[in-house]
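Working through the structure, step by step
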Amino acid sequence: MQILNRNHQQSGFTLVEIIVSTAIFVTVVSAMLGLFNYTLQINRRVQALREVVQGTRTFSETITREVRNGRIDYSSWTIECNASNYAISSNTSLGIVTKTGDRLCFYFSGNDMYLKKLTPLGITNNILFNSGNFSINRSLFTFTVRPTRDPNVVPYPQVQPSVVIAGQFVLNKNATNPTTINYQTTISTDVYDISK
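All of the points below concern the structure found in this document.

How each quantity is defined
- Residues numbered from 1 in each chain as written.
- Predicted model: local features only at pLDDT ≥ 70, side-chain atom pairs only at ≥ 80, totals over all residues.
- Heavy atoms only, no water.
- Pairing = 2+ DSSP bridges.
- Helix = DSSP H or I, 4+ residues; strand = E, 2+ residues; numbered from the N terminus.
- Expected span 1.5 Å × (residues − 1).
- Buried < 20%, exposed > 50% of the residue type's maximum accessible area, 1.4 Å probe, protein only.
- Phe/Tyr/Trp six-rings, centres within 6.5 Å; stacked < 30°, edge-to-face > 60°.
- Polar contact = N/O pair within 3.5 Å; in protein donor to acceptor, adjacent residues only side chain to side chain.
- Contact = heavy atoms within 4.5 Å.

A sheet is described by the order of its strands in space; here five strands give the open sequence β1-β2-β3-β4-β5, paired in antiparallel fashion. The sheet is open, and its two edges are formed by β1 (71-72) and β5 (124-128), each paired on a single side. Bridging between strand β2 (residues 94-97) and strand β3 (residues 103-109) involves four bridges; their strand directions are antiparallel. By the bridge assignment for β3, Val97 is matched with Arg103.

Written out as structure tokens, the structure reads:
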């Protein structure tokens, strides 16, 4: 008959070793989750900024194309456009006459920017520039037209009409930390038919 040795060592972890390893594991996982959460926040912020940049680019390309290919409209054809008064420093509307005879008006209605188009056939339609959470800050937006009056009516010798656009574009305007881009550009018309 064999006598079993009751003093042999047991293999395994002690309670202290388990607690220490669990604490290290929780610390590492918490740091990783914090880093992951921070990365997601940065990704959302970059994506929001990308949307604002794309909206700003679309807006500015549309206005630039119309101003360069047309002429500044110095006579109001609509109440919203108020194109007869470019001397106002806080002007928020702009009238354009295209090569095809279309009359365009960029204007605000409430807090939304619209493009109103009137064709020579009398057909009118509106295009909204704002979409979803993207908007143009009306209080910080202006069109500055130079010269302020039609150079063919009031003689401004050798003055090429131009438009300065200054504004702020906002994404997630209702958020606690909205994404904004301040924007300013000067566009001159390529149609230079001022009488000399």
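Don't stop here, the text continues.
Looking now at the environment of Thr58. Tracing the sequence through the fold places Thr58 in helix α1 (residues 15-69). When the C-alpha atoms of Thr58 and Phe129 are compared, they prove to be 8.9 Å apart, with 71 residues separating the residues in sequence.

For the bond running from Arg146 to Pro147, omega is -5°, close enough to zero to count as cis. With respect to the secondary-structure elements, Pro147 resides in the loop between β7 (142-146) and β8 (162-171).

Taking 1.5 Å per residue, 55 residues should reach 81 Å; α1 reaches 80 Å between its end C-alpha atoms and fits that length. Within α1, burial applies to Ala48, Val52, Gly55, Thr56, Phe59, Ser60, Thr62, Ile63, Thr64, Glu66 and Val67.

Below, the discussion takes up the packing of aromatic side chains. Summed over the entire model, instances satisfying the criterion amount to seven aromatic pairs. The interplanar angle of 20° and the centroid separation of 5.8 Å between the aromatic rings of Tyr107 and Tyr114 together place this pair among those described as stacked. Taking relative accessible area as the criterion, Tyr107 reaches 4% and is therefore assigned buried. Judged by centre distance (5.0 Å) and plane angle (85°), the rings of Phe141 and Phe143 are edge-to-face. Like Phe143, Phe141 is buried. Clustering of aromatic rings is evident, with ring pairs tying together Phe59, Phe108, Phe141, Phe143, Phe169 and Tyr183.

This part covers the side chain of Asp102. Structurally, Asp102 can be placed in the loop between β2 and β3. In terms of polar contacts, Asp102 uses its side chain to reach the side chain of Thr100, at 3.4 Å. Ignoring sequence-local partners within four residues, the contact set of Asp102 consists of Ile96, Val97, Lys117, Leu118, Thr119 and Pro120.

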